[in-house]
Amino acid sequence: MNENVFNNMANNYDNDDRKQLSDIIRLEISKYIPGDCSNSILLDYGGGTGLVSLPIAEKFKNVIIADTSKSMLEVALSKINSGNIFNASVSLVDDTILLPSADIVIISLVLIHIPNIEAILKKIYEILKPNGKIIIVDFDKNEKVNHPKLHNGFQHKELKSILEKEEFKNITIENFYSANNLFMKEDATLFIAQAEK
Ligand SMILES: C[S@@+](CC[C@H](N)C(=O)[O-])C[C@H]1O[C@@H](n2cnc3c(N)ncnc32)[C@H](O)[C@@H]1O
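So, how was this worked out
- Residues numbered from 1 in each chain as written.
- Predicted model: local features only at pLDDT ≥ 70, side-chain atom pairs only at ≥ 80, totals over all residues.
- Heavy atoms only, no water.
- Helix = DSSP H or I, 4+ residues; strand = E, 2+ residues; numbered from the N terminus.
- Buried < 20%, exposed > 50% of the residue type's maximum accessible area, 1.4 Å probe, protein only.
- Core = buried A, V, L, I, M, F, W, Y, C linked by side-chain atoms within 4.5 Å.
- Contact = heavy atoms within 4.5 Å.
- Near = heavy atom within 4 Å.
- Polar contact = N/O pair within 3.5 Å; in protein donor to acceptor, adjacent residues only side chain to side chain.
- Areas by Shrake-Rupley, 256 points an atom, 1.4 Å probe, with all protein chains shown as cover.
- Salt bridge = Lys/Arg side-chain N within 4 Å of Asp/Glu carboxyl O.
- Pairing = 2+ DSSP bridges.
- Phe/Tyr/Trp six-rings, centres within 6.5 Å; stacked < 30°, edge-to-face > 60°.
- Lys NZ or Arg CZ within 6 Å of the ring centre and 35° of its normal.
- Axes fitted to C-alpha atoms, helices over the stretch in contact; angles between N-to-C directions.
- Parallel < 35°, antiparallel > 145°, perpendicular 65-115°, else oblique.
- Left-handed = near helix turned anticlockwise from the far one by under 90°.
- Nonpolar A, V, L, I, M, F, W, Y, C, P; charged D, E, K, R; others polar.

Asks: Looking at this structure, how should I read the overall build of the chain?
Replies: When its secondary structure is counted, the chain shows 5 helices and 7 strands. Counting from the amino terminus, helix and strand elements in the chain follow one another as α-α-β-β-α-β-β-α-β-α-β-β. Principal axes of the C-alpha set define a box for the chain whose edges measure 45 × 35 × 30 Å. Put simply, the chain has 197 residues, and 50% of those count as buried.

Dropping the structure here:
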């Protein structure tokens, strides 16, 4: 959803605040990524301009940035080309398109934009390789946020039970960062959830 919003903001998406936040998110995600990923495929679902995944692309065999916004992917592709990142590509997705199979899927600041999170988590479970891993970063539930096209964050318990229903195992969910004006101009806390197929 919200494809137009991201199409409109793509060329200005990589501002200083978002770069700083994506550095914090990438550092946290890196703690959950195995040491040797040289044979692994990373799918950055809702990866946008590649802020989170492109700086660590060299660790992986392949990185695929999948997104519903063509304009966000154009920015990602121009970074891939100008940075000579030969193992990264972009993929325009919608509800009907089969996602590529992956060893690790990261989904950073995307779930809040997706109305049916059960459906996307099920789809990700299906394309994960055996013992593959999903790493989710998003906002804790925040009652002060109220937007018709966004979830106002997630409760850990609620997300854990959805992941369990989709048959993910070894689920952990932890907070790692809080700041002022982080989520729709409200103070907010980020969590990282990880689970295995
Ligand atoms: C807030 S941005 C986050 C971008 C990136 N993951 C990051 O952390 O920098 C949300 C991204 O999710 C994408 N998106 C929204 N709904 C989506 C969906 N249903 N499937 C895939 N991508 C989606 C948007 O186009 C946008 O690029």
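Asks: Please clarify how the nonpolar core should be interpreted in this entry.
Replies: When a protein is soluble and globular, its nonpolar side chains tend to lie buried together. Counting residues in hydrophobic clusters, the biggest one holds 65 residues, and the most contacted among them are Ile 29, Tyr 45, Ile 134, Ile 136 and Leu 159. Look past the residues within four positions of Ile 29 in its chain and what remains in contact with it is Val 52, Ile 106, Ile 135, Val 137 and Ile 192. By size, the runner-up hydrophobic cluster in this structure holds 6 residues, among which are Ala 10, Tyr 13, Met 72 and Val 75.

Asks: Can you walk me through the site of the ligand in this structure?
Replies: Not every one of the 18 residues close to the ligand is listed here, only the nearest: Tyr 45, Gly 46, Asp 67, Thr 68 and Ser 108. One of the side-chain N or O atoms of Tyr 45 is found 2.7 Å from a nitrogen atom in the ligand. Here a nitrogen atom of the ligand sits 2.8 Å away from a polar atom, N or O, in the main chain of Ser 108. For the ligand, the protein covers 95% of the area, taking 590 Å² as the surface of the free molecule.

Asks: What exactly am I supposed to notice about the pattern of salt bridges here?
Replies: For side chains bearing opposite charge, pairing can occur when the charged atoms are close. Tallying each qualifying case throughout the model produces 7 salt bridges. Asp 103 is the partner of Lys 129 in a salt bridge, and the nearest nitrogen-oxygen pair spans 3.9 Å. A residue pair is termed long-range when its members are at least 10 positions apart, and Lys 129 in strand β5 (residues 128–139) and Asp 103 in strand β4 (residues 102–108) qualify at 26 residues. Its salt-bridge partner being Glu 164, residue Lys 160 comes within 3.2 Å of it at the nearest N-O pair. You can see Lys 160 and its partner Glu 164 sitting in helix α5 (residues 156–165), 4 residues apart, about one turn around the helix. Judged by relative accessible area, Glu 164 falls into the partly exposed class, the value being 43%.

Asks: Is there a simple way to explain the pairing of strand β6 (residues 169–183) in this structure?
Replies: Each regular strand carries side chains that alternate between the two faces of the sheet. Looking at chain direction, β6 and strand β7 (residues 186–196) are connected through 9 bridges and run antiparallel. By the bridge assignment, Glu 174 is partnered in β7 with Ile 192. In this antiparallel pair of consecutive strands, β6 and β7, the connection spans 2 residues, and Met 184 shows a positive phi of 50°.

Asks: Just to check I follow, could you spell out the packing of aromatic side chains for this structure?
Replies: What characterises a pair of aromatic rings is the spacing of the ring centres plus the angle enclosed by the ring planes. Taken as a whole and assessed by the stated rule, the structure comprises 3 aromatic pairs. Measuring from ring centre to ring centre gives 4.2 Å for Phe 139 and Phe 183, while their planes differ by 5°; the resulting arrangement is stacked. One end of the pair, Phe 139, is in strand β5; the other, Phe 183, is in strand β6, with 44 residues separating them in the sequence. By relative accessible area, which is 5% here, Phe 139 ends up buried. For Phe 183, a relative accessible area of 2% gives the class buried. Over the face of the ring belonging to Tyr 13 we find Arg 18, whose NZ or CZ atom lies 4.3 Å from the ring centre. The residue whose ring lies beneath Lys 197 is Tyr 125, and the NZ or CZ to ring-centre distance is 4.9 Å.

Asks: What is the right way to read helix α4 (residues 117–127) from this model?
Replies: Residues lying three or four places apart along an α-helix face the same way, a consequence of the helix completing one turn every 3.6 residues. Those residues of α4 not exposed but buried are Ile 117, Ile 120, Leu 121, Lys 123, Ile 124, Tyr 125 and Ile 127. If you follow the buried residues of α4, they end up packed against β1 (41–45), β4, β5 and α5. Of the residues that open α4, the one with a side-chain oxygen 3.3 Å from the backbone nitrogen of Glu 118 is Asn 116.

Asks: Sorry, what's going on with the packing of α4 against α5 here?
Replies: Two packed helices can be described by the angle between their axes and the distance between those axes. It is the contact of α4 with α5, at a shortest axis distance of 10 Å, that shows an interaxial angle of 45°. Here α4 is positioned oblique relative to α5, judged by the angle of their axes. Where α4 crosses over α5, the two elements pack in a sense that is right-handed. On α5, the residues that touch Ile 117, Glu 118 and Leu 121 of α4 are Leu 159, Ile 162, Leu 163 and Lys 165. Across the contact of α4 with α5, the residue classes break down as 5 nonpolar, no polar and 2 charged.

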